Amino acid sequence: LRSMALAGYLEPADVWNQVFFWTLRPNGNRLAMERKQKRFGSDKLQTAIRKLVARAISINSDPDRLQRVTLKLFGSALEERDDYGDVDVSIAYHRRDLGEEERARIEELLVSRQSEHERQTILGQIMGAEQQDIREIRGILKKGLPHVSLMKDDPMELGTPFRWLV
């Protein structure tokens, strides 16, 4: 416990009947909440980034998508380290400016891939094609990349350093 306290994870909270009680500090909370994944090196980080960029470019050139995406890399992946826990990526969706016929064609394709349950919900009936598009885009980007965390948080709004990927 002393080592964890010196590392900034814990701090003494109370003593009762000669028993010490400890409290988690912010770093301790982060450690406790972190998923227990095997850490990985910079080669795997760079491979994941290259795959994400290639997939995003492919998505953005797909004529059967309602949306385009932009990706921003942030967090520890911007730093030079020996190992990493995850790859934090901010994703933003941008609706394409399409004519009515083209939009209808793409929506019909996407709705045909929706689940029966989704088609029966009110939200599924109103925004089903767009939701299906987002679900498929996220699936394409994340497939085989367990260390990638796709988030809607915009690092620009959070004031966090970032790097544009796409």
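The coordinates are above.
Formed by 23 residues in total, the largest nonpolar core has its most connected members in Val87, Val89, Ile91, Leu141 and Val148. Those elements that place two or more of their residues in this core are α3 (42-60), β3 (67-74), β4 (87-95), α6 (122-142) and β5 (148-151). Ranked by residues supplied to this core, first place goes to α3 with seven residues. Setting aside its immediate chain neighbours within four residues, isoleucine 91 contacts Val69, Thr70, Leu71, Ile137, Arg138, Leu141, Leu150, Met151 and Lys152.

On to the sheet that holds β5. One open sheet accounts for four strands, arranged β5-β4-β3-β6; its pairing is mixed. Bordering the open sheet on either side are β5 and β6 (162-164), each of which pairs with just one other strand. Taking the axes of each pair of neighbouring strands and ignoring which way they run, one obtains an average angle of 35 degrees across the sheet. Judged from the four bridges that link them, β4 and β5 form a sheet pairing that is parallel.

What follows concerns the packing of helix α4 (residues 100-112) against α6. For any two helices packed against each other, one specifies the inter-axial angle together with the distance between the axes. Packing of α4 against α6 brings their axes to within 8 Å, and their N-to-C directions diverge by 70 degrees. With respect to α6, the axis of α4 lies roughly perpendicular. Read as a crossing pair, α4 and α6 show a hand that is left-handed. Residues Glu107, Leu110 and Val111 of α4 form the contact with α6, whose own contacting residues are Ala129, Gln132, Asp133 and Glu136.

So, on to a nonpolar patch on the surface. A surface patch of nonpolar side chains, amounting to about 420 Å² of accessible area, comprises Leu1, Val15, Phe20 and Trp22. In this fold, leucine 1 is placed in the segment before α1 (2-6). Accessibility expressed as a relative area gives 60% for leucine 1, which makes it exposed.

Before going further, it helps to examine the packing of α3 against α6. Where α3 meets α6, the axes come as close as 9 Å, and the angle between the chain directions of the two elements is 150 degrees. In terms of orientation, α3 lies roughly antiparallel with respect to α6. As α3 runs across α6, the sense of the crossing is right-handed. Of the residues in α6, those touching α3 at Leu52, Arg55, Ala56 and Ile59 are Ile137, Ile140, Leu141 and Lys142.

Once that is clear, we can look at the pairing of strand β2 (residues 19-24). Relative to β2, strand β1 (residues 10-16) runs antiparallel, the two sharing six bridges. Considered in β2, the bridge of valine 15 is made with phenylalanine 20.

Here the structure, examined in full by the defined rule, presents two aromatic pairs. For the pair phenylalanine 40 and tyrosine 84, a centre-to-centre distance of 6.2 Å together with 35 degrees between the ring planes defines the contact as tilted. Of the two residues, phenylalanine 40 is situated in the loop between α2 (26-33) and α3 and tyrosine 84 in the loop between β3 and β4; the sequence distance between them amounts to 44 residues. As far as the burial class goes, phenylalanine 40 and tyrosine 84 line up, both buried. One residue, lysine 72, lies across the ring of phenylalanine 162, its end atom 5.4 Å from the ring centre.

With that settled, consider the pattern of salt bridges. Within the structure shown, the criterion is met by 13 salt bridges. Between aspartate 83 and arginine 39 there is a salt bridge; the shortest N-O distance is 3.1 Å. Separated by 44 residues along the polypeptide, aspartate 83 in the loop between β3 and β4 and arginine 39 in the loop between α2 and α3 bring together distant segments of the chain. Under the relative-accessibility criterion, aspartate 83 is labelled partly exposed at 32%. Across the salt bridge formed by lysine 72 and aspartate 154, the nearest N and O atoms sit 2.8 Å from each other. With a gap of 82 residues between them, lysine 72 in strand β3 and aspartate 154 in the loop between β5 and α7 (155-158) connect regions that are remote in the sequence. For lysine 72, a relative accessible area of 7% corresponds to the buried category. Several salt bridges share partner residues, and in doing so they unite Asp62, Arg65, Arg113, Asp133 and Glu136 into one network.

Rules and cut-offs
- Residues numbered from 1 in each chain as written.
- Predicted model: local features only at pLDDT ≥ 70, side-chain atom pairs only at ≥ 80, totals over all residues.
- Heavy atoms only, no water.
- Core = buried A, V, L, I, M, F, W, Y, C linked by side-chain atoms within 4.5 Å.
- Buried < 20%, exposed > 50% of the residue type's maximum accessible area, 1.4 Å probe, protein only.
- Helix = DSSP H or I, 4+ residues; strand = E, 2+ residues; numbered from the N terminus.
- Contact = heavy atoms within 4.5 Å.
- Pairing = 2+ DSSP bridges.
- Axes fitted to C-alpha atoms, helices over the stretch in contact; angles between N-to-C directions.
- Parallel < 35°, antiparallel > 145°, perpendicular 65-115°, else oblique.
- Left-handed = near helix turned anticlockwise from the far one by under 90°.
- Patch = residues over 30% accessible without salt bridge, like charges linked within 9 Å, V, L, I, M, F, W, Y side chains within 5 Å.
- Areas by Shrake-Rupley, 256 points an atom, 1.4 Å probe, with all protein chains shown as cover.
- Salt bridge = Lys/Arg side-chain N within 4 Å of Asp/Glu carboxyl O.
- Phe/Tyr/Trp six-rings, centres within 6.5 Å; stacked < 30°, edge-to-face > 60°.
- Lys NZ or Arg CZ within 6 Å of the ring centre and 35° of its normal.

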